Amino acid sequence: MTIAFNDVRAAADRIAGHTRPLVVAPMDDGAFGAAEGWLALEFMQHTGSFKARGAFNFVSSHMEAGLMPDAGVVIASGGNAGLACAWAAARHSVQATVFVPETAPAVKVDKLRRLGATVRQVGTEYAQALDASQKYAAESGALESHAYDHPLIAAGAGTVMEELVRARPGVDTVLVAVGGGGLFTGIAVSAREHGVRVVAVEPERCCALHSALEAGAVVDVPVDSVAADSLGARRTCEMALEWAGQDHVRSVLVPDEAIVSARKALWDDRRLAVEHAAATALAAVTSGVYTPAPGERVAVILCGANTDPGDLTRGTRLVS
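Residues numbered from 1 in each chain as written. Predicted model: local features only at pLDDT ≥ 70, side-chain atom pairs only at ≥ 80, totals over all residues. Heavy atoms only, no water.

**Student:** How should the state of the cysteines be read in this particular structure?
**Tutor:** By definition, a disulfide is the covalent link that joins the sulfur atoms of two cysteine residues. Applying the stated rule across the entire model yields zero disulfides. Free of any disulfide, Cys206 has its nearest neighbouring cysteine sulfur in Cys207, separated by 7.4 Å. Since its relative accessible area comes to 1%, Cys206 is described here as buried. Cys303 carries a free sulfur, and the closest cysteine sulfur to it, the one in Cys206, is 12 Å from it. (Disulfide = S-S within 2.5 Å. Buried < 20%, exposed > 50% of the residue type's maximum accessible area, 1.4 Å probe, protein only.)

In structure tokens:
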């Protein structure tokens, strides 16, 4: 099960006019050294993350084909994919049931309920919520979506790259955070078509894709990172492993301390409140794990902002 560039193009046509266009901002404060850098502000997307693209593509495709059951759609999620699924389902007047871990941030659970989804909290990790959602799908007949491991989801996510190259046609390299691998897969497919390099960035203690590359196969990994609420997949998907082995892709790891620092810098310097997953991609540059070459044109995808900003402002004096 994989995707091709035509799938990304089809997704772009399907979601056009329904999702928000990508906003790209220059990073002109020297953070990229002698390279030219931009921030792709995808956290401004509907429901606060890139996930809206794949979710709308998934639901819309099944509606077009007459394959949406009366029981609606069900998904397991750390939060962001569930929000996107609930939003896309509501846009099509379809019921959504979302399984999330008991550890999911309250801000995400509250948003899910406001979007009209039925929320069920199970276990402490995404994998446990996934097991429960699969049982529910088998019993209820609901259409089973996935947070990342589905061609329609990955193809929808890949539309971020399509909009990025239109906004910045000279980009050389894009950095993207990796959890289960749906966003990475879509980005890698589109990037190859446009001759753009991809740096796949994961936390050191939450690295399903990097571990799969080392093992030569998808493997289970421990999940213990500050970014685990969004990047905490125990296993990457086969699609991601396939595309991570391509010549235009590089996989790197960053420590939690660098992620926290990058997230805080985005707030302090630009007043951008993003979740730790979004800061993970930027942390590769700010920590020196990835050093752009002089003149290299680099874009960092800030993928989500469903976070409690309280820890960003704690200890910071705000002047009105």
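**Student:** Looking at this structure, how should I read the pattern of salt bridges?
**Tutor:** Opposite charge on two side chains allows them to pair when their charged atoms are near. By the definition in use, this model includes 10 salt bridges. Residue Arg197 is joined to Glu296 by a salt bridge in which the shortest nitrogen-to-oxygen separation is 3.4 Å. Of this pair, Arg197 sits in strand E8 (residues 197–203) while Glu296 is found in the loop between helix H12 (276–286) and strand E10 (297–301), placing the two residues 99 residues apart along the sequence. Given the relative accessible area of 6%, Glu296 is considered buried. A salt bridge links Asp268 to Lys264; its shortest N-O distance comes to 3.0 Å. Here Asp268 pairs with Lys264, and both are found in helix H11 (residues 256–270), just four residues apart, close to one helical turn. Residue Asp268 is classed as partly exposed on the basis of its relative accessible area, which comes to 37%. Members of the salt-bridge network, linked through shared partners, are Glu42, Arg53 and Glu163. (Salt bridge = Lys/Arg side-chain N within 4 Å of Asp/Glu carboxyl O. Helix = DSSP H or I, 4+ residues; strand = E, 2+ residues; numbered from the N terminus.)

**Student:** Before we go on, may I ask you to explain the nonpolar core in this structure?
**Tutor:** Across soluble globular proteins, nonpolar side chains have a tendency to be buried as a group. Core analysis: the biggest nonpolar cluster contains 115 residues, and Leu39, Leu175, Phe184, Ile187 and Leu302 have the highest contact counts within it. Broken down by element, this core gets its largest block of residues, nine residues, from helix H6 (residues 151–167). Non-local contacts of Phe184, meaning those with residues more than four positions away in its chain, are made with Val176, Val178, Val198, Ala200, Leu209, Ala240, Trp243, Ala244 and Val249. (Core = buried A, V, L, I, M, F, W, Y, C linked by side-chain atoms within 4.5 Å. Contact = heavy atoms within 4.5 Å.)

**Student:** Explain the pairing of E8 here, please?
**Tutor:** Consecutive residues of a regular strand have side chains that alternate between opposite faces of the sheet. E8 sits mainly inside the fold: six of its seven residues count as buried. In this structure, strand E7 (residues 173–177) lies alongside E8, joined through five bridges in parallel fashion. Each bridged residue has a counterpart across the sheet, and for Leu175 the counterpart in E8 is Val199. The parallel pair E7 and E8 is bridged by helix H7 (residues 182–194), and the resulting crossover is right-handed. The pairing of E8 with strand E9 (residues 249–254) spans six bridges and is classified as parallel. The residue of E9 that forms the bridge with Val199 is Arg250. (Pairing = 2+ DSSP bridges. Right-handed = clockwise from strand over helix to strand, strands pointing away.)

**Student:** Where do I start with the environment of Arg20 in this structure?
**Tutor:** Looking at the secondary structure, you find Arg20 in the loop between helix H1 (5–15) and strand E1 (24–27). Along the backbone, Arg20 and Phe50 are 30 residues apart, and their C-alpha atoms lie at a distance of 9.9 Å. For Arg20, the side chain forms a polar contact with the main-chain oxygen of Met44, separated by 2.9 Å. (Polar contact = N/O pair within 3.5 Å; in protein donor to acceptor, adjacent residues only side chain to side chain.)

**Student:** Help me understand unusual backbone geometry in this model?
**Tutor:** Glycine aside, a negative phi is what most residues show, and trans is what most peptide bonds show. A positive phi angle, near 65 degrees, is found at Thr47, a position not held by glycine. Inspection of the secondary structure puts Thr47 in the loop between strand E2 (36–40) and helix H2 (51–64). Look at Thr47 and you get buried, because its relative accessible area is 17%. For Ser93, which is not glycine, the phi torsion reads 55 degrees and is therefore positive. The topology assignment puts Ser93 in the loop between helix H3 (80–91) and strand E4 (96–100).

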